[in-house]
Amino acid sequence: HTGDYMKLAKLSLAAITVASLSASAFAADSLASMFKDGTVNGTLSAYYFNRDRGNGGTPDSANILDFGLDLTYKTATFNGFSAGATVQSTHSPFANDDAAAMFSGDMNGGGEVFSEAYVQYANSGVFFKAGRQYISTPIVAGSGSRMTKESFEGYLLGYTGLPNTTLVAGYVAQFQSRTDGAGNIGKFTKNFVVPGAGSVALDKGAYTLYAVNTSVPGLKLQAQWGDAIDVVNIYYVQADYASKTDSFNYNLGGQYSVSDYDSSISNDNGGYYGLKAGVAMNGISAAVAYSKVDSDVGAVSGLGNGSDNIFTAPTIAGGDYTADNKAWKIDLGYAINKNANVNAYYNTTDMQAANADYTVIGAGAGYKFEGTLKGLGMVAQYEVKNFDDSSKDDDKRFRFKATYAF
């Protein structure tokens, strides 16, 4: 699941694009200076994961320690053009057979991969980006919650010239997952992770249209369509409103999604909706969310683990898109200061199948250093999934992440 304190903030595609394509601060006056005046930054990371799922699978428990290095180079902008590249390096030097089996799909994947290698152009509100790139939109989004971030290979074309509006059209041909399932870092293939359906081969790739509008103060509207060719069309809308009084801040949100499957898969449509509300005051925050999945067939949320966007998703276990399930989630958080925070949450999910109901209880804490240790951050998370069926053991997961950005 995407949610954690140390991941990069999940901004809208509009914000990411405006930030990455800005020519004012890094403009070059020649092709040579475009490359010479480029910037390099990176992140060193160490992640420790532990899972005990009892009789929920084989092996029943394991742990893994990953080390990683990300390096990103971005050129300056020359006549609206720029380019960039990111290489990710991940290694699990102490993984035993149990760790390799337990974390084959997300953490046990050693090696290097160019997750970004793109050229882009921006001028007069028009932007175009081609190549390998990180994408973060509601239904096309890579996750950064594991050591290796997910990425896409494709094209984005957008326009920001309308007031408070961004329009984007895109095509993705390949997907880079966290691992290849066989002990190596993920490579770019036509197999896309689809939350709610697992890994799906998209030989013809996928198209998407995305729009975001913030014309009304405090209100953010998002709408997106995605066509995973010959598999499913996904339609998604979300509205978020945030405001404040003299004593507290509050927010409201709603989401609605339709999964229109190809007739060779299902003659029924899936989908889900979610509602949420939250308040915050003096560093203390509280939120409640409800979701309901369509009663006919299960839903899918999008492409990439970052599209796991149902409001009731637990931080580690992720959202449940099984048909006819209903879920509630309560979140509590406290910002101790600008560098330290803690949170706790409770999720209960009612399933259609008998004895399939479960609850999830989780907690987390994060800290970012300053001074001579600026750039260093740590986060710890713990989550327990308790099944209504007494014959099933609790699924317990612990994660510790340390990152240093330079």
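Each remark here, short or long, concerns the structure printed above.
Residues numbered from 1 in each chain as written. Predicted model: local features only at pLDDT ≥ 70, side-chain atom pairs only at ≥ 80, totals over all residues. Heavy atoms only, no water.

Asks: Help me understand the overall build of the protein in this model?
Replies: Within the protein, the secondary structure is distributed over three helices and 22 strands. Over its C-alpha trace the protein gives a radius of gyration of 21 Å, about what one expects of a compact globule, namely 22 Å for 406 residues. A principal-axis box enclosing the C-alpha atoms of the protein has dimensions of 70 × 55 × 45 Å. In the protein, which comprises 406 residues, the proportion classed as buried is 46%. In the protein, once contacts between residues fewer than 6 apart in sequence are set aside, the share between residues at least 24 apart is 57%. Carbon together with sulfur atoms contributes 58% to the accessible area of the protein, which is approximately 18800 Å² in total. Distance from the positive charge centre (29 side chains) to the negative charge centre (38 side chains) of the protein: 7 Å. (Helix = DSSP H or I, 4+ residues; strand = E, 2+ residues; numbered from the N terminus. Rg over C-alpha atoms; globule rule 2.2 N^0.38 Å. Buried < 20%, exposed > 50% of the residue type's maximum accessible area, 1.4 Å probe, protein only. Contact = heavy atoms within 4.5 Å. Areas by Shrake-Rupley, 256 points an atom, 1.4 Å probe, with all protein chains shown as cover. Lys, Arg positive; Asp, Glu negative; His and termini not counted. Charge placed at Lys NZ, Arg CZ, Asp CG, Glu CD.)

Asks: Would you explain the side chain of Asp324 in this entry?
Replies: Here Asp324 lies in the loop between strand 17 (284–293) and strand 18 (326–335). When sequence neighbours within four positions are dropped, the list of residues in contact with Asp324 reads Lys292, Val293, Asp294, Ser295, Asp350 and Gln352.

Asks: Looking at this model, I keep getting lost on the side chain of Asn108. Mind explaining?
Replies: Along the chain, Asn108 turns up in the loop between helix 3 (97–102) and strand 4 (109–123). With a relative accessible area of 11%, Asn108 lands in the buried category. Residues in contact with Asn108, not counting those within four places in the same chain, are Ile64, Ser92, Ala95, Ala99, Ala100, Phe103, Thr179, Gly183 and Asn184.

Asks: Which parts of the structure should I look at to understand the packing of aromatic side chains?
Replies: Within the structure shown, the criterion is met by 16 aromatic pairs. Taken together, a centroid distance of 5.4 Å and an interplanar angle of 65 degrees make the contact between Tyr272 and Tyr321 edge-to-face. Taken together, the residues span a long stretch of sequence, with Tyr272 in strand 16 (residues 270–281) and Tyr321 in the loop between strand 17 and strand 18 at a distance of 49 residues. Classification of Tyr272 as buried rests on a relative accessible area of 2%. Assessed through its relative accessible area of 5%, Tyr321 is described here as buried. Cluster of aromatic residues (ring-pair linked, three or more members): Phe152, Phe175 and Phe192. Over the ring of Tyr118 we find Lys129; its NZ or CZ atom is 4.2 Å from the centre of that ring. Here the basic side chain of Lys385 rests over the ring of Tyr358, its NZ or CZ set 4.2 Å away from the ring centre. (Phe/Tyr/Trp six-rings, centres within 6.5 Å; stacked < 30°, edge-to-face > 60°. Lys NZ or Arg CZ within 6 Å of the ring centre and 35° of its normal.)

Asks: Explain a negative patch on the surface here, please?
Replies: A cluster of acidic residues, Asp52, Asp60, Asp97, Asp98 and Asp393, forms a negative patch on the protein surface. Looking at Asp98, the relative accessible area reads 40%, which means it is partly exposed. (Patch = residues over 30% accessible without salt bridge, like charges linked within 9 Å, V, L, I, M, F, W, Y side chains within 5 Å. Salt bridge = Lys/Arg side-chain N within 4 Å of Asp/Glu carboxyl O.)

Asks: What should I look at first to understand the environment of Ala130 in this one?
Replies: Within the fold, Ala130 resides in strand 5 (residues 126–133). For Ala130, a relative accessible area of 14% corresponds to the buried category. For the pair Ala130 and Lys36, spaced 94 residues apart in sequence, the C-alpha to C-alpha distance is 22 Å. Excluding residues within four positions of it along the chain, Ala130 makes contact with Ala117, Tyr118, Val119, Gly154 and Tyr155.

Asks: So what exactly am I meant to see when it comes to empty space enclosed by the protein here?
Replies: Summary: where empty space remains is shown by rolling a probe the size of a single water molecule over the atoms. The final tally for this structure, using the stated rule, is four cavities of 30 Å³ or more. Here the largest cavity defines a volume of roughly 100 Å³. Lining the largest cavity are 16 residues, with Ile135, Val140, Leu156, Gly170 and Thr208 positioned closest to its centre. Taken together, the elements giving at least two residues each to the lining of the largest cavity come down to strand 6 (151–159), strand 7 (165–176) and strand 12 (206–213). In terms of residue class, the lining of the largest cavity is made up of 12 nonpolar, four polar and no charged. (1 Å grid on protein atoms, 1.4 Å probe; cavity = no way out; pocket = protein on both sides within 12 Å on 5 of 7 lines; lining within 4 Å. Points joined across faces, edges and corners; volume = space filled by probe spheres on them. Nonpolar A, V, L, I, M, F, W, Y, C, P; charged D, E, K, R; others polar.)

Asks: Hey, could you run me through unusual backbone geometry in this one?
Replies: Cis geometry is adopted by the peptide bond preceding Pro59, which originates at Thr58 and carries an omega value of 0 degrees. For Pro59, the location among the structural elements is in the loop between strand 1 (39–52) and strand 2 (61–74). With phi around 55 degrees, Asn164 is a residue other than glycine that occupies positive phi space. Considering the arrangement of structural elements, one finds Asn164 in the loop between strand 6 and strand 7.

Asks: Even after reading the chapter, I still don't get a nonpolar patch on the surface, so can you show me in this structure?
Replies: On the surface, Val126, Phe128, Tyr155, Leu157, Tyr159, Leu162 and Leu167 cluster together into a nonpolar patch covering about 590 Å² of accessible area. Sort the elements by how many residues they give to the nonpolar patch and strand 6 lands first, with three residues. The class of Tyr155 is partly exposed, set by a relative accessible area of 44%.

Asks: Could you clarify how one ought to interpret the nonpolar core in this entry?
Replies: One recurring pattern in soluble globular proteins is that nonpolar side chains are buried together. Judged by nonpolar contacts, the single largest core of 32 residues is most densely connected at Phe152, Val172, Phe192, Leu202, Val232, Tyr272 and Leu303. Looking at this core, the elements with two or more residues in it are strand 6, strand 7, strand 10 (191–194), strand 12 and strand 14 (232–244). Residue contacts for Val172: discarding those within four places in its chain leaves Ile135, Phe152, Glu153, Gly154, Phe192, Gly205, Ala206 and Leu303. Ranked by size, the runner-up nonpolar core spans nine residues in total, among them Ala62, Met102, Phe103 and Met107. (Core = buried A, V, L, I, M, F, W, Y, C linked by side-chain atoms within 4.5 Å.)

Asks: Is there a simple way to think about the pattern of salt bridges in this case?
Replies: As a working rule, side chains carrying opposite charge can pair if their charged atoms are close by. Evaluation of the coordinates by the stated rule reveals 11 salt bridges. One network of salt bridges, with partners in common, ties together Arg51, Asp395 and Arg397.

Asks: Please clarify how the environment of Ala239 should be interpreted in this entry.
Replies: Along the chain, the position of Ala239 falls in strand 14. A C-alpha to C-alpha distance of 6.4 Å links Ala239 and Gln222, two positions 17 residues apart in sequence. If we ignore the near neighbours within four places in the chain, the residues touching Ala239 are Lys220, Leu221, Leu252, Gly253 and Gly254.

Asks: Please clarify how the environment of Asn55 should be interpreted in this entry.
Replies: Within the secondary structure, Asn55 sits in the loop between strand 1 and strand 2. A residue is classified by how much of its surface remains accessible, and Asn55, at 47% relative accessible area, is partly exposed. The spacing of Asn55 and Asp394 is 339 residues in sequence and 8.7 Å in space, taken between C-alpha atoms. In contact with Asn55, other than residues within four places in its own chain, are Ser391, Lys392 and Asp393.

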